[in-house]
Amino acid sequence: MTASAGYEGFSRAIANRSFAVGLVITGVIAIIAALSFVWTPYAVATLDIAGKLKPPSPSHWLGTDHYGRDILSMIMAGSRNSIAVAFVSVAIGLAIGVPLGLWAAARRDWIDELLMRFNDLIFAFPALLSAVMITAVFGPGAINAIIAIGIFNIPVFARVARGAALSLWPREYILAARASGKSAARITIEHILPNIANLFVVQATIQFSLGILAEAGLSYVGLGSQPAMPSWGRMLFEAQTMIGLAPHMALFPGLAIIITVLGLNLLGDGLRDVLDPRLRRER
């Protein structure tokens, strides 16, 4: 890709409102998460019982919780936990689901049928419910939450990969590659995968936002990240009995989840519009 073509593609992407807004929101969240590794306004483990349940003020911008901990510091530290869980779970789905889907599309035999029935079985249960069942069996914790969410992501990416690959196998250039003696695996790697990679980028963004929600849900019910690791979901759980006394305890973690998921969804919609040539032609 030449520099001019790259600049033109970047300009087209920035001109897309959903992409631009989503990129800004996601970028800000990522910066906050990175910053929390080296600095937060207060130490997240510091308790100040005398200063508990304080409303937002110049000394505590988002107030304090029932233990006197600074809510802004906890939200900053909790962002890196949510991002890490969602990122690794999406990586698991990509690493296992995409090869399975491509393999099934290339074979079109009992393996394909078995994979689709397995997908139907997984999709019969909502993502959060599946994650709750898995973490309830193997125990709470961030690692088990990652595994639980990642397992649900596998059939999602497998179905996307299979459907996209099946639409390409009848194409003329694929038939020409087969006629030249190339194996199914080589055709998949050289011709199929490069032409559908953009779909995985978009789907990964969507699954990332769902991973944020799933991690928050698991932490809310006590099956995700455990104390003393900050978590947006557990902050909401701890705030539910304090709504009348300190509504800011629930407001700000809830807003953090909403804004993060909104930014990722906007980014995914923008990427779909930018990367899909058919949508560009329609515009």
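No experiment lies behind these values; they were computed from the predicted model shown. (Residues numbered from 1 in each chain as written. Predicted model: local features only at pLDDT ≥ 70, side-chain atom pairs only at ≥ 80, totals over all residues. Heavy atoms only, no water.)

1. Points about a nonpolar patch on the surface
On the surface, Phe118, Leu121, Phe125, Leu129 and Met133 cluster together into a nonpolar patch covering about 450 Å² of accessible area. Looking at the nonpolar patch, the elements that each hand over two or more residues are helix H4 (110–123) and helix H5 (127–138). Tracing the sequence through the fold places Met133 in helix H5. Its relative accessible area of 39% is what places Met133 among the partly exposed residues. (Patch = residues over 30% accessible without salt bridge, like charges linked within 9 Å, V, L, I, M, F, W, Y side chains within 5 Å. Areas by Shrake-Rupley, 256 points an atom, 1.4 Å probe, with all protein chains shown as cover. Salt bridge = Lys/Arg side-chain N within 4 Å of Asp/Glu carboxyl O. Helix = DSSP H or I, 4+ residues; strand = E, 2+ residues; numbered from the N terminus. Buried < 20%, exposed > 50% of the residue type's maximum accessible area, 1.4 Å probe, protein only.)

2. What to know about the packing of helix H8 (residues 184–220) against helix H10 (residues 248–275)
With their axes 9 Å apart at the nearest point, H8 and H10 run at an angle of 170° to one another. The angle between H8 and H10 places the two elements in the roughly antiparallel class. Across the interface between the two elements, Asn198, Val201, Val202, Thr205, Phe208, Ser209, Ile212, Leu213 and Ala216 from H8 touch Ile257, Thr260, Val261, Leu264, Asn265, Leu267, Gly268, Leu271, Arg272 and Leu275 from H10. Per-class residue counts for the contact of H8 with H10 are 12 nonpolar, six polar and one charged. (Axes fitted to C-alpha atoms, helices over the stretch in contact; angles between N-to-C directions. Parallel < 35°, antiparallel > 145°, perpendicular 65-115°, else oblique. Contact = heavy atoms within 4.5 Å. Nonpolar A, V, L, I, M, F, W, Y, C, P; charged D, E, K, R; others polar.)

3. Let's talk about the nonpolar core
Counting residues in each nonpolar core, the largest one holds 40 residues, and the members touching the most others are Ile75 and Ile192. If sequence neighbours within four positions are ignored, Ile192 has contacts with Leu102, Ala165, Leu168, Trp169, Ile174 and Ile187. Val85, Ala148, Ile149 and Ala214 belong to the second largest nonpolar core, which has 10 residues in total. (Core = buried A, V, L, I, M, F, W, Y, C linked by side-chain atoms within 4.5 Å.)

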